[in-house]
Amino acid sequence: YAGQASAYTFLAQIHERNGDARAAADELAKHVAINENDDAANLKLAVLLDSLGDKGAAAEALERVVYIYPYDASLHTKLAELYAATGNHEKAVLAREALVALEPVDQAEARYQLALAHFQAGNREAARREVLRALEIAPNFERAQELLLRIRGGGSRP
């Protein structure tokens, strides 16, 4: 049973209170294997796995939460960070594109982060295009200027 009062979630809480994050994550993993639509359990699992250093599994759990709440920009940001940490730059680009599509307040930063993700994925043309969009919004954006110089100069990936 993996409903609201699931034994797995209660066991996870007990393990977490006792300081055993690995056991808590294992219980939550069992829970979401049965009920993958439990957003709270998936989010908690992602946090636990990230704290344990398992970025790939944390990204998988967080990806399920993004399917449930696709309009939460903070979820896409964290997902992009997890993908970048695991070296999955193509998926990091997708997460950054979703974030730009959500039209955050700081469009220049969002475009810069997308350009950086493209650059890390090896797509210099897309990176150049996005960094120029960031600079159109904020011409004095130093990190974007530096990235453009690296792209134009053939510098290595950050």
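Everything that follows concerns the structure shown earlier in this document.
Residues numbered from 1 in each chain as written. Predicted model: local features only at pLDDT ≥ 70, side-chain atom pairs only at ≥ 80, totals over all residues. Heavy atoms only, no water.

(A) Unusual backbone geometry, seen in detail. The phi angle at glutamate 103 is positive, at roughly 55°, despite the residue not being glycine. You can see glutamate 103 is positioned in the loop between helix 6 (89-101) and helix 7 (107-120). (Helix = DSSP H or I, 4+ residues; strand = E, 2+ residues; numbered from the N terminus.)

(B) A look at the pattern of salt bridges. Taken as a whole and assessed by the stated rule, the structure comprises ten salt bridges. For aspartate 50, the salt bridge is made with lysine 55, and the minimal N-O distance between the two is 2.4 Å. Under the relative-accessibility criterion, aspartate 50 is labelled buried at 17%. Via salt bridges that share partners, Asp50, Lys55 and Lys78 belong to a single interconnected network. (Salt bridge = Lys/Arg side-chain N within 4 Å of Asp/Glu carboxyl O. Buried < 20%, exposed > 50% of the residue type's maximum accessible area, 1.4 Å probe, protein only.)

(C) Spatial organisation of the environment of lysine 44. For lysine 44, the location among the structural elements is in helix 3 (residues 39-51). Between the C-alpha atoms of lysine 44 and alanine 12, which are 32 residues apart in sequence, the distance is 9.8 Å.

(D) Main features of the side chain of arginine 96. Note on placement: arginine 96 falls in helix 6. There is no salt bridge for the buried arginine 96, and the closest opposite charge comes from glutamate 81, which lies 4.6 Å off by N-O distance. The contact partners of arginine 96, leaving out residues within four places of it in the chain, are Thr77, Ala80, Glu81, Gln113, Leu114 and Ala117. (Lys, Arg positive; Asp, Glu negative; His and termini not counted. Contact = heavy atoms within 4.5 Å.)

(E) How the structure looks around helix 9 (residues 142-153). Between its first and last C-alpha atoms helix 9 spans 16 Å; for twelve residues at 1.5 Å apiece the expected length is 16 Å, and the two agree. If you check which residues of helix 9 are buried, you get Ala144, Leu147, Leu148 and Ile151. For helix 9, the arc enclosing every buried residue in end-on projection is 100°, short of the 170-degree limit, so these residues lie on one face. Of the exposed residues in helix 9, those oriented more than 90 degrees away from the buried face are Glu142, Leu149 and Gly153. Turning to helix 9, the residues buried within the fold contact helix 7 and helix 8 (124-137). (Expected span 1.5 Å × (residues − 1). Arc of directions from axis to C-beta.)

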